[in-house]
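# Results of the structural survey
So you can see what is in the structure, the chains are spelled out below.
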Amino acid sequence: MVGFVWTLLAGFAVGTPAVTVGLSLSLPGPVALFAVLLGAACCVVFAVFAMERARLRWQSWRARRKSSGIRAGSPGSSVGGAPSGGAAPVGSPSGDRLASTAGRRARRVFERYGVVGFGIVAPALFGTWGSSLLGAALGIPRWRLIRWLMAGVTLWCTVLLVASDAAFDAFGIG
């Protein structure tokens, strides 16, 4: 029972690599996989909801700041409250952060592979915490993000379980 709890906590803290923790604590493979997936699910849900809340608060703060700057006649605005100097108004397509060359490239990649590709590949590239925070910061709908991230975590945990179990057998560990 203690090994299961430690593996669950390791799954929450580090995600996919925690499978080896469960195996090294002499847990059977399926039990270690279940503990890591349970811990990773808690991590993904917590991180997605926390980042979504932070992103929404930041967006509302930024919108309030920009609207108060325009109303107060900030140096970047002209008499009618319209921005001067060719600056794009808030919410216009040219004021979008993804309008740069790199941003357009990122948008094309995301549109091509979507949430499914992100959810499957991101846990291997960015880890459980990183992919959860990045996906929520990008504004991916939370339940689609959670569902596909958990599919990716399950895939990579299973791959790591099979590889670790084979390596432990080859070297006579455990």
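Let me sum up the structure you'll find in this document.

Conventions adopted
Note on numbering: residues in each chain are counted from 1, in written sequence order. The predicted nature of this model means local features are confined to residues of pLDDT at least 70 and side-chain atom pairs, given and counted, to a pLDDT of 80 or more, with totals for whole chains, interfaces and linings taken over all residues. In computing side-chain values, all of the structure's heavy atoms are included and hydrogens and water are not. Think of it this way: any DSSP run of H or I at least four residues long counts as a helix, any run of E at least two long counts as a strand, and we number them from the N terminus. Classification of residues uses two cut-offs on accessible area relative to the type maximum, computed with a 1.4 Å probe and protein chains only: under 20% is buried, over 50% is exposed, and between them is partly exposed. Residue contacts are defined here by distance: any two heavy atoms, one from each residue, within 4.5 Å place the two residues in contact. To be clear on the numbers: accessible area is Shrake-Rupley with a 1.4 Å probe, and residue cover counts the displayed protein chains and nothing else. Working definition of a nonpolar core: buried Ala, Val, Leu, Ile, Met, Phe, Trp, Tyr and Cys residues. They are joined through side-chain atoms within 4.5 Å. Salt bridges are counted wherever a side-chain nitrogen of Lys or Arg sits within 4 Å of a carboxyl oxygen of Asp or Glu. For this analysis, a polar contact is any N or O atom pair within 3.5 Å, provided that within protein one partner can donate a hydrogen and the other can accept it, and provided that sequence-adjacent residues contribute only side-chain to side-chain pairs. To estimate the expected span of a helix, subtract one from its residue number and multiply by 1.5 Å. We call Phe, Tyr and Trp rings a pair once their centres come within 6.5 Å, taking the six-membered ring for Trp, and we label the pair stacked below 30 degrees between planes, edge-to-face above 60, and tilted otherwise.

## Observations concerning the overall build of the protein chain
When helices and strands are tallied, the protein chain shows five helices and zero strands. Ordered by position from the N terminus, the helices and strands of the protein chain form the series α-α-α-α-α. Looking at the protein chain as a whole, 30% of its 174 residues qualify as buried. When contacts within the protein chain are restricted to residue pairs at least 6 apart in sequence, long-range pairs at least 24 apart make up 69% of them. With an accessible surface of roughly 10600 Å², the protein chain has 68% of that area assigned to carbon and sulfur atoms.

## With respect to the nonpolar core
Judged by nonpolar contacts, the single largest core of 23 residues is most densely connected at V19, L37, V44, V48, F118, L145 and C157. Those elements giving two or more residues to this core turn out to be helix 2 (19–24), helix 3 (29–71), helix 4 (101–137) and helix 5 (142–171). Sort the elements by how many residues they give to this core and helix 5 lands first, with eight residues. Once you skip the residues sitting within four places of it in the chain, L37 turns out to touch M150, V153, T154 and C157.

## Some remarks on the pattern of salt bridges
For the structure shown, the criterion picks out one salt bridge. When the shortest N-O distance is used, the salt bridge between E52 and R142 registers 2.9 Å. Of this pair, E52 sits in helix 3 while R142 sits in helix 5; the two residues are 90 residues apart in sequence, bridging distant segments of the chain.

## Here's the deal with the environment of W156
On the secondary structure map, W156 appears in helix 5. Counting along the chain gives 33 residues from W156 to P123, while the straight-line C-alpha distance between them is 7.6 Å. Excluding its chain neighbours within four sequence positions, the residues that come into contact with W156 are T16, I120, P123 and A124. From its side chain, W156 meets the backbone oxygen of I120 in a polar contact 2.7 Å long.

## Some remarks on helix 5
Taking 1.5 Å as the rise per residue, helix 5 with 30 residues should run 44 Å; its terminal C-alpha atoms sit 42 Å apart, in good agreement. Immediately beyond the C-terminal end of helix 5, within one or two residues, lies G172, with a positive phi of roughly 70°.

## Focus on the side chain of T7
Mapped onto the fold, T7 is located in helix 1 (residues 2–14). Among the polar contacts made by the side chain of T7, one reaches the main-chain carbonyl oxygen of G3 at a distance of 2.7 Å.

## Some remarks on the packing of aromatic side chains
For the structure shown, the criterion picks out four aromatic pairs. When the ring of F12 is compared with that of W129, the centres are 5.3 Å apart and the planes differ by 85°; the resulting orientation is edge-to-face. Placement of the pair is F12 in helix 1 and W129 in helix 4, with a sequence separation of 117 residues. Note on F49 and W143: the rings are 5.6 Å apart at their centroids and 70° apart in plane angle, and the pair reads as edge-to-face. Taken together, the residues F49 in helix 3 and W143 in helix 5 connect sequence positions 94 residues apart. Residue F49 is classed as partly exposed on the basis of its relative accessible area, which comes to 30%. What links up through ring pairs into an aromatic cluster is the set F12, F46 and W129.

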